[in-house]
Each structure stands twice: as structure tokens, then as C-alpha cells.
Amino acid sequence: IETMPEDEWYIQPISGRTDVVILNLAQGRQMEYTEYPVLYHLDTGEMEDILSETGASELEHAYSYLWSEDMRRVLISCGEGPNGQQEWLCDLEAKTLTSLDEVTGLDGEVTANFMDSETLILTEYTKDAEGLYQSVTCYTFHLISKQLVKTLNNAPYYRWFDEEPYGAMLFGSRCVLILVV
């Protein structure tokens, strides 16, 4: 893996590991931003392309890598212009890279987080004509059994600037439902 002097990087610790860290190599700005993770061995100073042979290095504008607890899977977010993104699931053991909509059967604007190593929390949004979030639906998806369970159905999306704000407020894999009393 070659890096240019103008490249940027940052380190991400791996829970329970003291021998390696993830070294995220980044390039570009705004819509042209991209990054790629490598495993950095602290004892030898060697870098290892842990996504080798998965197809992940071919993704354009990849900017976010969310790892499962056991580091066997990673969710990769890629920018697709000013208003879109594509999410991918990479399985390091099977050496596969599959779009999230193909894995789950959901289409539209869906984001994902790991609940555990084999379960995803999926969030699906609807927007109005102006691009403002209107509602949110959440699911759990078990990667082995392919079971999809709806946990929140078409809840209003919380917007602080509404006259009487209420609805679902999301924080990564967490959701708070704020009601008007």
C-alpha cells in the first residue's frame, strides 16, 4: 500500500487488542473524500491490507468503516454525489462484498450499524420534496438466518426546529422516541 506525502491518516484502536490498531488512510476533501483501513502491527511496524481480495479497494468515495465486534465483518459507506450514499457489507472470512440492499432486501435510504457480530440494526428514512427527513422505520437483521424484524414503524422523524418537535431521534445504533405530552 503506497501513501503520498499529502495523505492524511488516523489511528483507531481495536477493543481487546494491544498488538495492532487500524490505520485509516485518507485523501481528498468533501465529496472527493475517501479513506481506506489497514491493520498496523505495533511490534513490527508492518501494514496489512485486511480487506485484500474482498473488492473493497475498488469502491469509490468510501468514507466510513464500521467493524463488527469480532472484526469478521465491516459496513462500508460510500458517497454517491451530494444527496446519496451506498452502504456495503464486507465479510472478511468469505471474501465477499455485497450492497446492503442486496443483503437485506430493503431499498431506499437505509443505514446500518452492528448490534452484535451477526445482527444489524437497519434504519430506513423517508424524505419530503425538500429533502427533509419525515419518518423513520427501524429493523433488526440477522445475517445468518436472514430474519428481518421491524422494531419501529414509520415514526415521525424528530426535528428540533418544528413548532412542537416530537418523534424518533437517532444516535448511531440507538434511538430515542420523544413524545409531546
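Coordinates for the structure precede this section.
Every chain is numbered on its own, with residues counted from 1 as its sequence reads. Where totals are concerned, whole chains, interfaces and linings use all residues; where local detail is concerned, this predicted model gives features only for residues with pLDDT of at least 70, and gives and counts side-chain atom pairs only at 80 or more. Calculated side-chain values reflect all of the structure's heavy atoms, with hydrogen atoms and water omitted.

Chemist: Residues and numbers for the overall build of the protein, please.
Modeler: In DSSP terms, a helix is any run of H or I states spanning at least four residues, a strand is any run of E spanning at least two, and both are numbered starting from the N terminus. What the protein contains, in helices and strands, is one helix and 14 strands. The principal-axis extents of the C-alpha atoms in the protein amount to approximately 60 × 40 × 30 Å. Residue contacts are counted whenever heavy atoms from the two residues lie within 4.5 Å of one another. Counting only contacts in the protein whose residues sit at least 6 apart along the sequence, the fraction spanning at least 24 positions is 27%.

Chemist: Any chance you could break down the sheet that holds strand β12 (residues 148–156) for me, citing the residues and the numbers?
Modeler: Between any two strands, at least two bridges found by DSSP are needed for them to pair. The strand order across the open sheet built from four strands is β9-β10-β11-β12, with neighbouring strands paired in antiparallel fashion. For this open sheet the edge positions go to β9 (109–116) and β12, each flanked by a neighbour on one side alone. Across the sheet, the mean angle separating the axes of adjacent strands is 20° when strand polarity is ignored. Sheet analysis places β9 next to strand β10 (residues 119–127), joined by seven bridges and oriented antiparallel. Among the inter-strand pairings, A112 is bridged to a residue of β10, identified as L122. Throughout, an axis means a line fitted to C-alpha atoms (over the contacting stretch in the case of helices), and angles, computed between N-to-C directions, take values from 0 to 180 degrees.

Chemist: Please set out the pattern of salt bridges residue by residue, giving values where relevant.
Modeler: Salt bridges are identified by distance alone: a Lys or Arg side-chain nitrogen within 4 Å of an Asp or Glu carboxyl oxygen. All told, the structure shown has five salt bridges when counted by the stated rule. The partner of R73 in a salt bridge is D91, with the nearest N and O atoms 3.7 Å apart. Taken together, the residues span a long stretch of sequence, with R73 in strand β6 (residues 73–79) and D91 in strand β7 (residues 85–91) at a distance of 18 residues. By the burial criterion, R73 is buried, and D91 matches it. The salt bridge involving D162 is made with R159; its shortest N-O contact spans 3.2 Å. Burial here depends on accessible area, computed with a 1.4 Å probe over protein chains only, as a share of the maximum for the residue type. Under 20% is buried, over 50% is exposed, and the range in between is partly exposed. Residue class for D162 comes out partly exposed when judged on its relative accessible area of 25%. Through salt bridges with shared partners, a single ionic network connects D70, R72 and E93.

Chemist: Please give an account of a nonpolar patch on the surface that cites residues and values.
Modeler: Side chains of L132, W160 and F161 sit close together on the surface and give an oily, nonpolar patch of about 360 Å² of accessible area. Relative accessible area serves as the criterion here: at 68%, W160 is assigned to the exposed category. Residues enter patches when they are more than 30% accessible in relative terms and free of salt bridges; like-charged ones are connected within 9 Å and nonpolar ones (Val, Leu, Ile, Met, Phe, Trp, Tyr) within 5 Å. Accessibility throughout is a Shrake-Rupley quantity obtained with a 1.4 Å probe, and a residue counts as covered only by protein chains that appear here.

Chemist: Give me the lowdown on the sheet that holds β6, citing residues and values where you can.
Modeler: The strand order across the open sheet formed by four strands is β5-β6-β7-β8, and the pairing between neighbours is antiparallel. Edge positions in the sheet fall to β5 (62–67) and β8 (96–99), since each has one partner strand and no second. Taken pair by pair, the neighbouring strands of this sheet meet at an average axis angle of 25°, ignoring direction. Bridge count for β6 against β7 is seven bridges, and the pairing is antiparallel. Pairing of L75 across the sheet is with L89, part of β7.

Shape descriptors only; they carry no functional weight alone.
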